[in-house]
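Letter by letter, the chains look like this.
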Amino acid sequence: MTAGPVAAPLALACALAAAVYAAGAARLRRRGDAWPWRRDAVFAAGCAAVVWGLAGAVPGGPFTAHAGRHLLVAMAGPALLAAGRPLTLVLRLLPPGVPRRGLLRVAHSSAAGWLLFPPVAAAVDLGGLWLLYRTGLWAAAHRDPLLGGALELHMPLAGLLFAMAVCRLDPVRVRCGLPLRAVTLLTAGAAHAVLAKSLYIAGPPGTSFAADDLRAGAQLMYYGGDAVEVYFALVLAVQWYAATGRRRARQAARDAVPAGVP
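In this report, the structure presented in the accompanying data block is examined.

This brings us to empty space enclosed by the protein. Take a probe with the size of a water molecule and roll it over the atoms, and the empty space left behind shows itself. The tally for this structure, following the rule as stated, stands at two cavities of 30 Å³ or more. Estimates place the volume of the largest cavity at around 130 Å³. In this structure, the largest cavity is lined by 16 residues; those nearest its centre are Met75, Asp125, Leu126, Phe162 and Phe232. Of all the secondary structure elements, the ones that give two or more residues to the lining of the largest cavity are α3 (62-83), α7 (118-134), α9 (145-167), α10 (178-201) and α11 (211-256). Examining the composition of the lining of the largest cavity, we find that four residues originate from one element, α3, more than from any other. The class makeup of the residues in the lining of the largest cavity is 11 nonpolar, three polar and two charged. Counted as a void, the second largest cavity has a volume near 60 Å³. Around the second largest cavity, the lining residues are Ala82, Leu116, Met164, Ala165, Arg168, Leu169, Asp170 and Val172.

Put into structure tokens, the structure is as follows:
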């Protein structure tokens, strides 16, 4: 990530999304609906992370600063945004009618189901990173502003796609089981770790960074990626715990019914 041609519009859009989300959550609470404050907090933190990565000052050399921006914009920010359940908020705010039905139609469409299928989302996200760092795409993006802008837009969108596919907190078409999402997370984490280790040895083709800067950036990418993946694992663990509790409660209710009672 570098501060390219779409950084300012993206940062502005993210700040606007935070304001709209806060206003929507407040409207829900005014009409008596429950909406946990923690969702407001994590969504605001996600927006702040993306804005910081796009427009803020990130310390370190050129590659280390890039790695920090990558973690904020493509990993930590999207993970927090997905935890805020923005689609759920919008659906609860919209009254019955054409806009709500249209949004549900999109969320439940075959295209959305395929894009949010965890292995596909992981391939889009991690595949883009491998292409960026292990081919001449990085160098080409610095020569071509349009390509650089497209990559700058791809990073947060692909990160958000992966976060939504793994967490599955919003109502979408296909509910993938926890085992598939956990395996996808482990596989994606391993692919990201291998990529970071490869960058520790050699930078992207067509680029030249000081050895110390390259190693520091690769380490930041490696350990920062681990931290975000632990966050995802905690989300999955909470979901597993809740699902197990519901199954046990249903089983206990069935066991409590006396024999012969319909």
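Past the structure itself, the notes keep going.
Our next topic: the layout of surface pockets. Of the voids in this model, the largest pocket is the one considered here, and its volume is about 570 Å³. Taken together, 23 residues form the lining of the largest pocket, with Ala17, Phe43, Leu81, Pro86 and Leu160 sitting closest to its centre. Its volume calculated, the second largest pocket comes out at about 410 Å³. Elements supplying a minimum of two residues to the lining of the second largest pocket: α2 (37-55), α10 and α11. Here the element with the most residues in the lining of the second largest pocket is α11; it accounts for nine residues.

Here we come to the packing of α9 against α10. Between two packed helices, the angle of one axis relative to the other and the distance separating the axes together describe the packing. Close contact between α9 and α10 brings their axes to 9 Å; oriented N to C, the two are set at 145°. Of α10, the residues touching α9 (which contributes Phe162, Ala165, Val166 and Cys167) are Arg181, Thr184, Leu185 and Ala188. Counted by class, the contact of α9 with α10 contains six nonpolar, one polar and one charged residues.

If you walk through the whole model with that rule in mind, you get three salt bridges. Across the pair Arg29 and Asp40 runs a salt bridge, and its minimum N-O distance is 2.6 Å. Taken together, the residues span a long stretch of sequence, with Arg29 in helix α1 (residues 7-30) and Asp40 in helix α2 at a distance of 11 residues. Accessibility expressed as a relative area gives 12% for Asp40, which makes it buried. Note that Arg215 is salt-bridged to Asp212, the shortest N-O span being 2.6 Å.

On the surface, Arg246, Arg247, Arg248, Arg250 and Arg254 cluster together to form a positively charged patch. Mapped onto the elements of the fold, Arg250 is located in helix α11. Overall, the relative accessible area of 46% leaves Arg250 in the partly exposed class.

Time to look at the nonpolar core. In this structure, Leu129, Leu132, Tyr133, Phe162, Leu199, Met221 and Phe232 are the most contacted members of the largest nonpolar core, which totals 34 residues. Listing elements by their share of this core, those giving two or more residues are α3, α7, α8 (137-143), α9, α10 and α11. The element best represented in this core is α3, accounting for eight residues. In contact with Phe232, not counting residues within four places along its chain, are Ala79, Phe162, Ala163, Val166, Cys167 and Leu185. Trp35, Cys47, Val50 and Val73 belong to the second-largest nonpolar core, a separate cluster that totals 16 residues.

About the cut-offs
Residues numbered from 1 in each chain as written. Predicted model: local features only at pLDDT ≥ 70, side-chain atom pairs only at ≥ 80, totals over all residues. Heavy atoms only, no water. 1 Å grid on protein atoms, 1.4 Å probe; cavity = no way out; pocket = protein on both sides within 12 Å on 5 of 7 lines; lining within 4 Å. Points joined across faces, edges and corners; volume = space filled by probe spheres on them. Helix = DSSP H or I, 4+ residues; strand = E, 2+ residues; numbered from the N terminus. Nonpolar A, V, L, I, M, F, W, Y, C, P; charged D, E, K, R; others polar. Axes fitted to C-alpha atoms, helices over the stretch in contact; angles between N-to-C directions. Contact = heavy atoms within 4.5 Å. Salt bridge = Lys/Arg side-chain N within 4 Å of Asp/Glu carboxyl O. Buried < 20%, exposed > 50% of the residue type's maximum accessible area, 1.4 Å probe, protein only. Patch = residues over 30% accessible without salt bridge, like charges linked within 9 Å, V, L, I, M, F, W, Y side chains within 5 Å. Areas by Shrake-Rupley, 256 points an atom, 1.4 Å probe, with all protein chains shown as cover. Lys, Arg positive; Asp, Glu negative; His and termini not counted. Charge placed at Lys NZ, Arg CZ, Asp CG, Glu CD. Core = buried A, V, L, I, M, F, W, Y, C linked by side-chain atoms within 4.5 Å.

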